[in-house]
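Single-letter residue listing:
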Amino acid sequence: MSLRTRYAGTLRASDEGAEVALCGWVAHRRDHGGVVFIDLRDREGLVQVVLDPTSPGCAEAHRLRSEYVIRVEGTVRPRPEGTVNPNLPTGEVEVAAARLEVLNEAEPPPFPLDERVEVDENLRLRYRYLDLRRSKMAENLKVRSRLVSALRAAMDAAGFIDVETPTLTRSTPEGARDFLVPSRLMPGTFFALPQSPQLFKQLLMVAGIDRYYQVARCWRDEDLRADRQFEFTQLDVEASFVDQEDVLGFIEEAVASGVEAITGERPKPFPRLSWAEAMGRYGSDKPDTRFAMELSDCSAVFAGSSFNAFASKSVVGMVVPGRGDLGRNQLDGLSDRAKSLGAAGLVWMRVRDDVFEAPVLKFLSEEEQDGLRAQLSPSPGDLVLLVADPIARKAQTVLGALRLDLGAPERLDEPLAFTWVVDFPLFEAITDDGRPIPAHHPFTRPHPDDLDRLESDPLSVRSLAYDLVLNGIELGSGSVRIHDRELQQRIFSLLGIGPEDAAERFGFLLDAFRYGAPPHAGFAVGLDRLTMILTGETSIREVIAFPKTQSGSDPLTGAPAPVDPPQLRDLGISLPRPH
Ligand code: AMO
């Protein structure tokens, strides 16, 4: 018999009578009056192995400890009546062992490898190879692998070519800090690890590759969060002679096939919102559309108000169903939260039968109260929240955050809510020295209808940029690119990137644009985030085999770590002496 004939976790009632050889780890061992029960674990799950006192391996079984590596030969048989375990996929069967072999011993693991036990994340990452033995973690890696296969298959089917781009390269402007790699052969110079393959994929379009994709590792030195790591993976895509519709089409096809490969169900066509609608209705450019509680623009109601906090401001309102019972402390908490988000204040009103109840009421005319009721249609028992600000987007953002805080319990009905957000503004703000900050990267094409306002009113200019949002998380983004040098240079000069600076940083791209750059557009999907949502996890660390901790280190290898002085000398680097 070969070393192994089956995975333990795959045995089912239909295998009864089969002679099998299994290899794996001892999850548990129990002795019952001379009979030894072993839970044998492998990548696919657990199965119960039984050795009775007469089995040749029984003596060996008594010395087994958790995590010993063993091999068992035996026969699959039904479990005796009353001992079927409905919680275990293999729970209808057990393996009656005829042979047991210890392939390796193991020290006791530093934490129990039991799904139900909460273990400190640092400890889990320090011993990640043990943590990954837990079936949920193994399952997450399998989901990731199946997802990547499905995405690749969809891109292949649509005629995209998988091309690898360099990872020792120059800085790519995606808005984060670079990870730098010093060059030994040219001391004092540095490679940057790519924040994305953006520039290379555009060059591939100039090269005539026409349709490119890559499952690409990207590096960004930014603060880590549950959905951010220093290194992460994108499904990165670019295509020539396409417009925005084409890109949304093939990305939606790939993502939908990926989801179907994991859930067995194809998601419905993804709805679309313009950026302005997303901000107006959800107070976010990554709206969580799994629940309603939409915002509403109440500015017109208060246009001529004698209440100073509202007069001539953008007033945004939201009804929180059934939360009119929130106590003063909770409401004060909400106000504090609104202020911490940058609001001047938060106005709340309880809805009692047909009237509002709120301290602010004395400042509002009957007409304004009627107008508010007509605008928001609240029901008795609801809570109404209002935020006013001279800038609509600020009021929307504050209320959008409160919407998420308060809406959470309602969010379970639709587990996967995709939304395309299109028509992003080209710039997200103006710096103190009057420079616009790009909302995406500087290669994004402005909306053709808004080009004439590029210099005069940059914040009103829309772009041909689009995001894909899933359950309130930004899953990916992309844009139609600028493919002509003049427009690209116009954008660079707006951003304060002078001709010399542009030539120094992106000269190779601008040069390439001289030689017949096709119109092109693309997208990148965050693979870690998609896997996280599909596995029901709340952090991408759970779907990355060897992630960094929240504080940016790897407890397993000890990275980042000091290096030997000779290595630094080779690189021409000297460190300041520690004080
Ligand atoms: P963008 O910067 O929006 O676009 O990145 C695309 C997607 O990558 C994921 N992502 C991350 N995931 C984990 N950790 C991070 N630190 C991290 N940063 C980004 C997100 C995000 O939506 N070159 C453009 C794409 C293009 O225009 O084609 C780009 O990289 O899911």
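Here is what the cut-offs are and how they apply
- Residues numbered from 1 in each chain as written.
- Predicted model: local features only at pLDDT ≥ 70, side-chain atom pairs only at ≥ 80, totals over all residues.
- Heavy atoms only, no water.
- Near = heavy atom within 4 Å.
- Polar contact = N/O pair within 3.5 Å; in protein donor to acceptor, adjacent residues only side chain to side chain.
- Areas by Shrake-Rupley, 256 points an atom, 1.4 Å probe, with all protein chains shown as cover.
- Helix = DSSP H or I, 4+ residues; strand = E, 2+ residues; numbered from the N terminus.
- Nonpolar A, V, L, I, M, F, W, Y, C, P; charged D, E, K, R; others polar.
- Buried < 20%, exposed > 50% of the residue type's maximum accessible area, 1.4 Å probe, protein only.
- Pairing = 2+ DSSP bridges.
- Axes fitted to C-alpha atoms, helices over the stretch in contact; angles between N-to-C directions.
- Contact = heavy atoms within 4.5 Å.
- Core = buried A, V, L, I, M, F, W, Y, C linked by side-chain atoms within 4.5 Å.
- Phe/Tyr/Trp six-rings, centres within 6.5 Å; stacked < 30°, edge-to-face > 60°.
- Lys NZ or Arg CZ within 6 Å of the ring centre and 35° of its normal.
- Arc of directions from axis to C-beta.
- Salt bridge = Lys/Arg side-chain N within 4 Å of Asp/Glu carboxyl O.

(A) Summary view of the site of the ligand. Lining the immediate surroundings of the ligand are 25 residues, of which Gln198, Lys201, Glu474, Ser477 and Arg481 lie closest. The contact in question runs from a nitrogen atom of the ligand to an N or O atom on the side chain of Ser196, over 3.2 Å. At a separation of 3.5 Å, an oxygen atom of the ligand approaches a polar backbone atom of Gly526. For the ligand, the accessible surface in isolation is 630 Å², of which the surrounding protein chains cover 96%. Among the elements of the structure, helix H5 (198–206), strand E10 (231–240), strand E21 (473–480) and strand E22 (520–526) are those that each provide at least two residues to the shell around the ligand. Here the shell around the ligand takes five residues from E21, the largest share from any one element. Tallied by class, the residues present in the shell around the ligand amount to five nonpolar, 11 polar and nine charged.

(B) The arrangement of the pairing of E21 in detail. A large share of E21 lies buried, amounting to seven of its eight residues. From the end of strand E20 (residues 465–470) to the start of E21, which pair antiparallel, there are two residues, and Asn471 there has a positive phi angle of about 50°. Across five bridges, E21 lies against E22 in antiparallel orientation. The partner of Val480 across the bridge, within E22, is Ala521.

(C) Region of interest: the sheet that holds strand E12 (residues 295–297). With antiparallel pairing, five strands are arranged side by side in an open sheet as E12-E13-E16-E14-E15. Looking at strand neighbours, the two that pair on one side only are E12 and strand E15 (355–357), the edges of this open sheet. Across the sheet, the mean angle separating the axes of adjacent strands is 30° when strand polarity is ignored. Of the pairings in the sheet, the one linking E12 to strand E13 (residues 314–320) comprises three bridges and is antiparallel in character.

(D) Local environment of the sheet that holds strand E6 (residues 161–162). Ordered by their spatial adjacency, eight strands build an open sheet running E6-E9-E10-E22-E21-E20-E17-E11, and the pairing between neighbours is mixed. Two strands close off the open sheet at either side, each with one partner strand: E6 and strand E11 (272–274). In this sheet, E10 lies alongside strand E9 (residues 211–219) in antiparallel orientation, the contact comprising nine bridges. From the neighbouring strand, Tyr212 faces E10, where its bridge partner is Glu238. Against the sheet, helix H6 (residues 244–263) contacts E9, E10, E11, strand E17 (418–422), E20, E21 and E22, and its axis sits at roughly 165° relative to E17.

(E) Representation of the side chain of Arg134 within the structure. Note on placement: Arg134 falls in the loop between helix H3 (128–131) and helix H4 (135–157). Its relative accessible area of 8% is what places Arg134 among the buried residues. Those residues in contact with Arg134 that lie beyond four places of it in its chain are Pro112, Leu113, Asp114, Glu115, Val117, Val119 and Arg124.

(F) Representation of the nonpolar core within the structure. Among the nonpolar cores identified, the biggest contains 42 residues, and Ile251 and Val255 are the most heavily contacted of them. A per-element tally of this core places H6 first, with eight residues. If near-sequence neighbours (up to four positions away) are discounted, Val255 is found in contact with Leu151, Phe270, Phe418, Leu468, Val525 and Leu530. In this structure, Val20, Val49, Ile70 and Val93 belong to the second largest nonpolar core, which totals 23 residues.

(G) Structural detail: the packing of aromatic side chains. Following the criterion strictly, the structure yields 13 aromatic pairs and no others. With a centroid separation of 6.3 Å and 85° between ring planes, the pair formed by Phe443 and Phe492 is classed as edge-to-face. Of this pair, Phe443 sits in the loop between strand E19 (436–438) and E20 while Phe492 sits in helix H11 (residues 485–494), and the two are 49 residues apart along the sequence. Here Phe443 and Phe492 have matching classes, each one buried. Taking 5.0 Å as the distance between ring centres and 20° as the angle between the ring planes, the aromatic pair formed by Phe492 and Phe506 counts as stacked. Within this pair, whereas Phe492 is found in helix H11, its partner Phe506 is found in helix H12 (residues 499–512), the two being separated by 14 residues in sequence. Residues Phe492 and Phe506 agree in their burial class; the two are buried. Among the aromatic residues, those joined into a cluster by ring pairs are Phe270, Phe418, Trp420, Tyr466 and Phe523. A cation over an aromatic ring shows up here: Arg403 above the ring of Phe291, its NZ or CZ 4.0 Å from the ring centre.

(H) Molecular detail of helix H7 (residues 275–282). The complete set of buried residues in H7 reads Trp275, Ala278, Met279 and Tyr282. Along the axis of H7, the buried residues cluster in a sector spanning 105°; they form a single face. Where the residues of H7 are buried, they touch E11, E12, helix H10 (392–407) and E17. Following H7 by one or two positions, Gly283 adopts a phi angle in the positive range, close to 65°.

(I) Spotlight on the pattern of salt bridges. The full count for this structure, using the stated rule, is 48 salt bridges. Ionic pairing is found between Arg373 and Asp370, a salt bridge with its closest N-O pair at 3.0 Å. Of this pair, Arg373 and Asp370 both sit in helix H9 (residues 366–376), separated by three residues, roughly a single helical turn. What makes Arg373 partly exposed here is its relative accessible area of 24%. Of the residues examined, Asp370 reaches a relative accessible area of 42% and is grouped as partly exposed. Where salt bridges share partners, they join Arg124, Arg128, Asp131, Arg134 and Glu542 into one cluster.

(J) Up close: H9. For H9, the full list of buried residues reads Glu368, Gln369, Leu372 and Leu376. All buried residues of H9 fall inside an arc of 100° around its axis, so they share one side. In H9, those exposed residues whose orientation departs by more than 90 degrees from the buried face are Glu366, Glu367 and Ala374. For H9, the elements touching its buried residues are E12, E13, strand E14 (347–352), E15 and strand E16 (383–389). Positive phi appears at Ser377, one or two residues downstream of H9, with a value of about 40°.

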